[in-house]
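A closer look at the structure
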Amino acid sequence: MELKDFKQRNISPGYIFFEGEKAPETGWQAFQKVVKRTLKGELFVGLWIVFREMIRFDIHTIQYPAQKMEMSPRYRAIHRLLRLFESGSERCIGCGLCEKICISNCIRMDTHIDEKSRKVVSEYSINFGRCIFCGYCAEVCPELAIVHGVEYENASEQRAHFGLKADMLTPLDTFRANEQKEFPGFGALSDNADEAVKQTPLAY
Amino acid sequence: MFETAVLVETLVKAVIVVAVVAGMAGFATFIERKVLAFMQRRLGPMNVGPYGLLQLAADGIKLFTKEDIVPQNAVKPIFMIAPVIAATTAFVAMAAVPYFPEFTLFGYVIHPIISDINVALLYVMGVASVGIYGPLLAGMSSANKWSLLGAARAVIQMLSFEVVTGLSVLAPIMMIGSLSLIDINDYQVGGITHWLIWKQPLAFILFAMAGFMETNRAPFDTIEFEAEVVAGYATEYSGMRWGLFFIGEYANMITISVLVSILFMGGYNSLWFIPGAVMMLIKVSFWVFLFLWVRAAWPHIRPDQLMWVCWKVLMPLAVVNILITGFVLI
Ligand code: SF4
Ligand code: SF4
């Protein structure tokens, strides 16, 4: 591999390089360039393009407060804590993986053992002043308990808003109204996950 | 008695012209935003009134009620008078411009021109050039480097294009033999083929380019180009004083549109079944639209390129045009 190829190894093969126009050397060439550019009609091409867009009237504006953008499920906004569909109890098992993996070190949680000898999460908070929305927490979570939502309107009067457990956990009435949707985005299983799973070879 | 009648008539006409043109200038800002938006696949102002139509009123209220700030080190009287000069000259230039064919109202023949002077073209161009004092004084009195740069650019720009304007209209004037805009209009009676644009295509192009420079519109908007000199001479202005510059610019745009229509595109002569007044409106609207259209499509040029193109390309072309016209006339 030559040095040039090595430096451009991120560029796909079909890439066309444009070295730029040669600068005119003599006065005659400069004059030719002026005449060519003057009579070429490029300016009218420009006029036609904007006029075509105007009569096509293919408007891309989203009139924001009235209309909102449809976010992709893979968009990583403020987190949500989900509930189990079967029982309605919290999915989070307090394993602490998210706290561990968070590169901004902004997840804090507190757990205790309840009367049935189960580990429950008593406090869970994310400091959104530091979160970089990398999505590692959602990806590492074994229970798909912490996921990313798609709400992007996060203006608030207080730093702590959005980041407490009560803010992120699906409220019980929302859950009862069957409005918690399975999360299709970051860290979730893909649709064809079953096909992708290989049987554990038990033969040996 | 006659004197009073003329005086009253002139006054009424002047008030009407100022009111209508100021209104149109305001409306042009709205149209400009809409057209530019559509050309860039946006919607433009939408929230105030139906389709944003009342945006105009909102802007007016904003301009009128905004605090009028005079910077600390500015030369106060000059700073305050400069926008007035810009707006006044733009309107004064319209005194000698005929807008419509004459018509009869209540048995009284009305000439829709404030004053039919025999050197109308010279007058309009002269007053329009005086308008450069607005940006010049504003820039020099603002105590701001961006303003100063803008003023300097305004002057070099005027020195460059003024020659082209003068020389380019000289050829049509030689053919017509009069500077009165009414004579120029009457010269082109008789349909599209009699328009001067066919006899003087080069002069037409040169004059149109000079018109774009005169109104500081893209691609020659060097004197207030945001990316280079913030807002040029208007950097320190706010409120209604800034608004006066703005109205002046749009009034200039309308004047240039009217001038080009009269000089080269048959003026207010009727065409087939279309009456002259409507023809005039159509032409002026087209030219105003062209100003906006060009702004949406073309990049702007550097001041040195502007001087280069004026002195080294346009001026020789204009002189050649005059020579050819002269030979043909002889
Ligand atoms: S998105 Fe990244 S930074 Fe934010 S809480 Fe999760 S792991 Fe931490
Ligand atoms: S990784 Fe998931 S299950 Fe584990 S503590 Fe975090 S949110 Fe709870």
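This one's a predicted model, so the numbers in the text were calculated from it and none came from an experiment. (Residues numbered from 1 in each chain as written. Chains lettered and ligands numbered in written order. Predicted model: local features only at pLDDT ≥ 70, side-chain atom pairs only at ≥ 80, totals over all residues. Heavy atoms only, no water.)

**Digging into the packing of helix α6 (residues 145-176) of chain B against helix α9 (residues 201-214) of chain B**
For any two helices packed against each other, one specifies the inter-axial angle together with the distance between the axes. All names here are of chain B. Two elements in contact, α6 and α9, have axes separated by 9 Å at closest approach and are oriented at 150°. The angle between α6 and α9 places the two elements in the roughly antiparallel class. Read as a crossing pair, α6 and α9 show a hand that is left-handed. In this structure, α6 uses Gln157, Phe161, Glu162, Val164, Thr165, Ser168, Val169 and Pro172 to contact α9, whose residues at the interface are Ala203, Leu206, Phe207, Ala210, Met213 and Glu214. Looking at the contact of α6 with α9, its residues break down into nine nonpolar, three polar and two charged. (Axes fitted to C-alpha atoms, helices over the stretch in contact; angles between N-to-C directions. Helix = DSSP H or I, 4+ residues; strand = E, 2+ residues; numbered from the N terminus. Parallel < 35°, antiparallel > 145°, perpendicular 65-115°, else oblique. Left-handed = near helix turned anticlockwise from the far one by under 90°. Contact = heavy atoms within 4.5 Å. Nonpolar A, V, L, I, M, F, W, Y, C, P; charged D, E, K, R; others polar.)

**Quick word on empty space enclosed by the protein**
All names here are of chain B. Following the criterion strictly, the structure yields six cavities of 30 Å³ or more and no others. Its volume calculated, the largest cavity comes out at about 220 Å³. Lining the largest cavity are 20 residues, with Gly131, Pro135, Glu214, Asn216 and Asn252 positioned closest to its centre. Taken together, the elements giving at least two residues each to the lining of the largest cavity come down to α3 (76-92), α4 (120-130), α6 and α11 (239-264). Of all the elements, α11 adds the most residues to the lining of the largest cavity, at four residues. When grouped by side-chain class, the residues that make up the lining of the largest cavity number 10 nonpolar, seven polar and three charged. (1 Å grid on protein atoms, 1.4 Å probe; cavity = no way out; pocket = protein on both sides within 12 Å on 5 of 7 lines; lining within 4 Å. Points joined across faces, edges and corners; volume = space filled by probe spheres on them.)

**Here we look at the interface of chain A and chain B**
If you look at the interface, chain A gives 14 residues, while chain B gives 14 residues. Buried area between chain A and chain B, both sides added, is near 1,500 Å², and the carbon and sulfur share of it is 74%. The three residues of chain A that bury the most area against chain B are Leu47, Val50 and Met54 of chain A, which together make up 34% of that side's buried surface. The interface formed by chain A and chain B includes one salt bridge. At the surface where chain A touches chain B, the tally comes to five residue pairs in polar contact (both at pLDDT 80 or more). Among the elements that line the side of chain A that touches chain B, the one with the most residues is helix α3 (residues 42-56) of chain A, at seven residues. (Buried area = accessible area lost by both parts, 1.4 Å probe. Salt bridge = Lys/Arg side-chain N within 4 Å of Asp/Glu carboxyl O. Polar contact = N/O pair within 3.5 Å; in protein donor to acceptor, adjacent residues only side chain to side chain.)

**A word on unusual backbone geometry**
Phi is positive for Asn178 of chain A, close to 65°, though the residue is something other than glycine. Along the polypeptide, Asn178 of chain A turns up in the loop between α7 (172-176) and α8 (193-196). Note on Asn178 of chain A: relative accessible area 60%, which makes it exposed. At Asn216 of chain B, a residue that is not glycine, the phi angle is positive and equals roughly 55°. (Buried < 20%, exposed > 50% of the residue type's maximum accessible area, 1.4 Å probe, protein only.)

**Here we look at the site of ligand 1**
Residues in contact with ligand 1 amount to 14 residues; listed here are only the nearest, Cys102, Cys131, Cys134, Gly135 and Cys137 of chain A. Across the shell around ligand 1, the residue classes tally to 10 nonpolar, four polar and no charged. (Near = heavy atom within 4 Å.)

**What about the domain arrangement of chain A?**
In terms of domains, chain A is made up of domain 1 (27-56) and domain 2 (79-188). A straight line from the C-alpha centre of domain 1 of chain A to that of domain 2 of chain A covers 57 Å. (Domains from an automatic or database assignment.)

**Quick word on the layout of surface pockets**
Counted as a void, the largest pocket has a volume near 1,800 Å³. Arg37, Thr38 and Leu43 of chain A together with Met209 and Val309 of chain B are the residues nearest the centre of the largest pocket, which is lined by 42 residues in total. Elements supplying a minimum of two residues to the lining of the largest pocket: α2 (27-39) and α3 of chain A together with α9, α12 (276-297) and α13 (303-329) of chain B. Per-element tally for the lining of the largest pocket: the top contributor is α13 of chain B, with nine residues. Its residues assigned to classes, the lining of the largest pocket comprises 32 nonpolar, four polar and six charged. Approximately 1,000 Å³ is the volume attributed to the second largest pocket. If you go around the second largest pocket, you meet 38 residues; those closest to its centre are Thr29, Arg33, Trp242, Phe246 and Tyr250 of chain B.

**Regarding the site of ligand 2**
Taken together, Cys92, Ile93, Gly94, Cys95, Gly96, Leu97, Cys98, Met109, Tyr124, Cys141, Pro142 and Ile146 of chain A make up the full set of residues near ligand 2. Given that more than half its atoms are within 2 Å of the pocket grid, ligand 2 belongs to the second largest cavity. (Sits in = over half its atoms within 2 Å of the grid points.)

**Quick look at the nonpolar core**
Membership of the largest hydrophobic core comes to 88 residues, with the highest contact counts inside it found for Val21, Leu121, Leu181, Val258, Phe264 and Trp287 of chain B. At 12 residues, α11 of chain B tops the list of elements feeding residues into this core. Residue contacts for Phe264 of chain B: discarding those within four places in its chain leaves Pro172, Gln188, Trp195, Leu196, Ile197, Gln200, Ala203, Phe204 and Phe207 of chain B. Ile78, Cys98, Met168 and Leu169 of chain A belong to the second-largest nonpolar core, a separate cluster that totals 19 residues. (Core = buried A, V, L, I, M, F, W, Y, C linked by side-chain atoms within 4.5 Å.)

**Comments concerning the pairing of strand β3 (residues 119-126) of chain A**
Residues and elements named next belong to chain A. Two strands pair when backbone bridges link them, and strand β2 (residues 107-113) and β3 are joined in this way by seven bridges, in the antiparallel orientation. Among the inter-strand pairings, His112 is bridged to a residue of β3, identified as Val120. Linking β2 back to β3 in an antiparallel pair, the connection comprises five residues, with Ser117 at a positive phi of about 60°. (Pairing = 2+ DSSP bridges.)

**Here we look at the pattern of salt bridges**
Residue and element names in this part refer to chain B. Throughout the structure, instances matching the rule amount to 16 salt bridges over all chains. Across the pair Glu32 and Arg217 runs a salt bridge whose closest N-O atoms are separated by 2.8 Å. On the criterion of sequence distance, the pair formed by Glu32 in helix α1 (residues 2-39) and Arg217 in the loop between α9 and α10 (226-229) is long-range, its members being 185 residues apart. Given the relative accessible area of 3%, Glu32 is considered buried. Residues Glu228 and Arg153 are paired through a salt bridge, measuring 2.9 Å at the closest nitrogen-oxygen approach. With Glu228 in helix α10 and Arg153 in helix α6, this residue pair connects regions lying 75 residues apart in the sequence. Its relative accessible area of 31% is what places Glu228 among the partly exposed residues.

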